[in-house]
Amino acid sequence: MRELSLNVMDIAQNSISAGATCIEVEVCEDTAQDRLTIQIVDNGRGMSADQVAHVTDPFFTTRTTRKVGLGIPLFKMEAEMTGGELRIVSEPGKGTAVTAEFVPSHVDFIPLGDINATVLLLITCNTDRDFVFHRRIDDREFTLDTRELRGILGEEVELNMPDVVAWMRDFLNEQTQSIKGEKI
Amino acid sequence: MKSLAELQAIRDKARGKVTLREGQDDAIRVLVGMATCGIAAGARPVLTTIVDEVAKRGLQNVMVTQTGCIGICQFEPVVEVVEPGKEKITYVKMTPEKAVRMVNDHLVNGNVVTEFTIGANSK
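Residue numbering note: each chain is counted from 1, following its sequence as written. Chains carry letters and ligands carry numbers; both start at the beginning, A for chains and 1 for ligands, and go up in the order they are written. Given that this is a predicted model, residues contribute local features only at a pLDDT of at least 70 and side-chain atom pairs are listed and counted only at 80 or more, while totals for whole chains, interfaces and linings are drawn from all residues. Based on all heavy atoms of the structure, the side-chain values leave hydrogens and waters out of the count.

**Q** Before we move on, can you summarise the overall build of chain B with the specific residues and values?
**A** Scanning chain B from N- to C-terminus turns up 5 helices and 4 strands. Start at the N end of chain B and walk to the C end: the helices and strands fall as α-β-α-α-β-β-β-α-α. Contact between two residues is taken to exist if any of their heavy atoms lie within 4.5 Å; hydrogens are not considered. Here the analysis covers contacts within chain B between residues at least 6 apart in sequence; of these, 61% occur between residues at least 24 apart. We get accessible surface area from the Shrake-Rupley algorithm with a probe of 1.4 Å; when it comes to residues, only the shown protein chains can shield them. Accessible surface for chain B amounts to roughly 6200 Å². Of this, 50% is attributable to carbon and sulfur atoms. If the 16 positive side-chain charges of chain B are averaged to one point and the 14 negative ones to another, these points end up 4 Å apart. By definition, any uninterrupted DSSP run of H or I lasting at least four residues is a helix, any uninterrupted run of E lasting at least two residues is a strand, and each is numbered from the N terminus. Asp and Glu are treated as the negative residues and Lys and Arg as the positive ones, with His and the ends of the chain left uncounted. By convention, the charge on Lys lies at NZ, on Arg at CZ, on Asp at CG and on Glu at CD.

In structure tokens:
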């Protein structure tokens, strides 16, 4: 993958397949600690301890079209290449949390890329689910919670309506610039 | 800065002219493969382009959704167009530029872009 944000899209897809109704994506940067943490937490069907143990094996997959599953193994490799790690905590019936830690100063660090595009597509293409996106850089942060947006929009206006999509796109970009300390 | 008050204004403007999408039997479905293979091959910009283009042209009868791996990873990014009563069209090795043409020619004007389909690319 050319961007870590593409991995986020891929991993979130697993949460969707697991029947999650709410998916949280968290991207936290700690410049002093030289750490980037990406976390995807869902309330889907979860995995058994045995499945968790096998999920980083490329030859383990629950799908039926192929015998390989590369999403999690790739993400794990990309984290470990930088000296970071990947952790999975899961419980059947409760959900799954995938956490990847990266060392941004490492030469093999893959850039985060357009995380806002990933979040926007996840929201607009899965309007039957809720997403919480939380982005933090040191002590500056913002959150986009589709449950909050739905509270304002009511039932008739959907999250994939063009005006709403444009609002979310601008919101994400403005907030990102602001926590990066860039002028708007 | 974008505020929640602006979102309220969008809601008030949209209310009343919202057409119900539910129960549309004649809707065209556009499926973009978004598994590991599709994403790695560049499906995200393709999906973004299709969503934007459909919104720009106000195509009310088109539903754009994601799908998983359909098993032809070497042809990714793959886009399928499913129209009721017609044969399914599978576009392969898509790019944002090809996607714009697919929306304009196929979804708007009803002409399949044969040169982008799997039939023309599988040799």
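**Q** Mind laying out the interface of chain A and chain B, listing which residues take part and the relevant values?
**A** Contacts between the two partners involve 39 residues from chain A and, on the opposite side, 33 residues from chain B. Reported buried area values correspond to the accessible surface (1.4 Å probe) lost by two parts on association, with both partners' losses combined. Taken together, both faces of the contact between chain A and chain B bury some 3100 Å²; the carbon and sulfur share is 63%. B:Arg44 is the partner of A:Glu3 in a salt bridge, and the nearest nitrogen-oxygen pair spans 2.7 Å. Polar contact is defined as a pair of N or O atoms within 3.5 Å, subject to the rule that within protein one atom must be able to donate a hydrogen and the other to accept it, and that residues adjacent in sequence are counted only when both atoms are side-chain atoms. One can count 11 residue pairs in polar contact (both at pLDDT 80 or more) joining chain A with chain B. Contributions of two or more residues to the side of chain A that touches chain B are made by helix H1 (4-17), helix H3 (71-81), helix H4 (115-125), helix H5 (146-153) and helix H6 (162-179) of chain A. Asp, Glu, Lys and Arg are counted as charged, while Ala, Val, Leu, Ile, Met, Phe, Trp, Tyr, Cys and Pro are counted as nonpolar; the rest, among them Gly, fall into the polar class. By residue class, the composition of the side of chain A that touches chain B is 18 nonpolar, 9 polar and 12 charged. In what follows, salt bridge is the name for a side-chain nitrogen of Lys or Arg lying within 4 Å of a carboxyl oxygen of Asp or Glu.

**Q** Just give me the short version of the pattern of salt bridges, but keep the residues and values in it.
**A** All names here are of chain A. Counted according to the given criterion, the structure contains 22 salt bridges over all chains. Of the charged contacts, one joins arginine 129 and aspartate 128 as a salt bridge, the two residues approaching to 3.7 Å between their closest N and O atoms. In this scheme, a residue with accessible area under 20% of its type's maximum is buried, one over 50% is exposed, and one in between is partly exposed, where area comes from a 1.4 Å probe on protein chains only. Looking at arginine 129, the relative accessible area reads 15%, which means it is buried. Here aspartate 128 falls in the exposed class, since its relative accessible area comes to 59%. Linked through salt bridges whose partners overlap, the residues forming this network are Arg35, Glu85, Arg87 and Glu101.

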